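# Working through the structure, step by step
Spelled out from the first residue to the last, the chains are:
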Amino acid sequence: MSRNKADTYIPAVIKTAAVFMTDGDLPSLWGRLAFLSPEEAELVSHFELPEGKVVALTFELGRGSFEDIRARIKKALRDGDGYYNYSLVLLDPAQSELIKASIAEASHRK
């Protein structure tokens, strides 16, 4: 897993399956995306989540807002500062296509 500079992180809200499958009684967690592609992502958070867990991410990218992007935790590592670094696999092909379009749009604006 890579460690990007702090200014490249994308703030994200993290919902666990217990939250997005119920009426939302449980609080959402927070983290930052250190890497994002249409197929996978890297997430840094102070909250511990197990490998294999499915999460839903909400974040902004360029001009777009993304809600409940479903991903499975492929790998989880804790760093020396107490943060968890998660390697994620995005699960929904339709959501991946939207992210791909947003990344392409952002790169054309540079």
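Residues numbered from 1 in each chain as written. Predicted model: local features only at pLDDT ≥ 70, side-chain atom pairs only at ≥ 80, totals over all residues. Heavy atoms only, no water.

## Topic: the pattern of salt bridges
- With the rule as written, the count across this model stands at 3 salt bridges.
- Where Glu40 meets Lys74, a salt bridge forms, and the shortest distance between an N and an O atom there is 3.7 Å. Of this pair, Glu40 sits in strand β3 (residues 40-45) while Lys74 is found in strand β5 (residues 64-78), placing the two residues 34 residues apart along the sequence.
- What makes Glu40 partly exposed here is its relative accessible area of 32%.
- A salt bridge links Arg63 to Glu105, with the nearest nitrogen and oxygen atoms 4.0 Å apart. Here Arg63 is found in the loop between β4 (54-61) and β5, whereas its partner Glu105 is found in helix α2 (residues 93-109), with 42 residues between them in sequence.
- Overall, Arg63 belongs to the exposed group, its relative accessible area being 67%. (Salt bridge = Lys/Arg side-chain N within 4 Å of Asp/Glu carboxyl O. Helix = DSSP H or I, 4+ residues; strand = E, 2+ residues; numbered from the N terminus. Buried < 20%, exposed > 50% of the residue type's maximum accessible area, 1.4 Å probe, protein only.)

## Re the environment of Asp92
- Within the secondary structure layout, Asp92 lies in the loop between β6 (84-90) and α2.
- Linking Asp92 and Arg70, residues 22 residues apart in sequence, is a C-alpha distance of 6.5 Å.
- Only 2.8 Å separates the side chain of Asp92 from the backbone nitrogen of Ala94, close enough to count as a polar contact. (Polar contact = N/O pair within 3.5 Å; in protein donor to acceptor, adjacent residues only side chain to side chain.)

## Let's talk about the side chain of Ser45
- With respect to the element layout, Ser45 can be found in strand β3.
- At 3.1 Å, the side chain of Ser45 and the backbone nitrogen of Phe47 are in polar contact.
- Apart from residues lying up to four places away in sequence, Ser45 is in contact with Ile14, Trp30, Gly31, Tyr83, Tyr84 and Tyr86. (Contact = heavy atoms within 4.5 Å.)

## Some details on the pairing of β6
- Across the 7 residues that make up β6, a large majority, 6, are buried.
- Judged from the 7 bridges that link them, β5 and β6 form a sheet pairing that is antiparallel. Its bridge partner being in β6, Ala71 is matched across the sheet by Leu90.
- Taking the residues that link successive antiparallel strands as the turn, the β5-β6 hairpin has 5 residues, and the phi of Gly82 there is positive, at about 90 degrees. (Pairing = 2+ DSSP bridges.)

## Side note on the nonpolar core
- Ranked by internal contacts, the top residues of the largest apolar core, which has 22 residues, are Leu33, Leu57, Phe59 and Leu88.
- Within the residue set of this core, elements represented by two or more residues are β1 (10-16), β2 (29-36), β3, β4, β5 and β6.
- Contacts of Phe59, omitting those with residues within four sequence positions, involve Ile10, Pro11, Ala12, Leu33, Leu36, Gly64, Ser65, Phe66, Ile69 and Ile99. (Core = buried A, V, L, I, M, F, W, Y, C linked by side-chain atoms within 4.5 Å.)

## Re the confidence of the model for the protein
- Overall, the prediction assigns the protein a mean pLDDT of 87, with 84% of residues at 70 or greater.
- Counted against residues more than four places away or in other chains, residues 1-6, with its pLDDT under 50, gives 13 contacts. (pLDDT = per-residue confidence, 0-100.)

## Description of the sheet that holds β2
- Spatial ordering of the closed barrel is given by β1-β2-β3-β6-β5-β4, a layout of 6 strands whose pairing is antiparallel. On average, each strand axis in the sheet is inclined to that of its neighbour by 45 degrees, with strand direction left out of account.
- Across 5 bridges, the pairing between β1 and β4 is antiparallel. Paired with Val13 across the strands is Thr58, a residue of β4.
- Contacts from α2 reach β2, β4, β5 and β6, with the element oriented near 105 degrees to β5. (Axes fitted to C-alpha atoms, helices over the stretch in contact; angles between N-to-C directions.)

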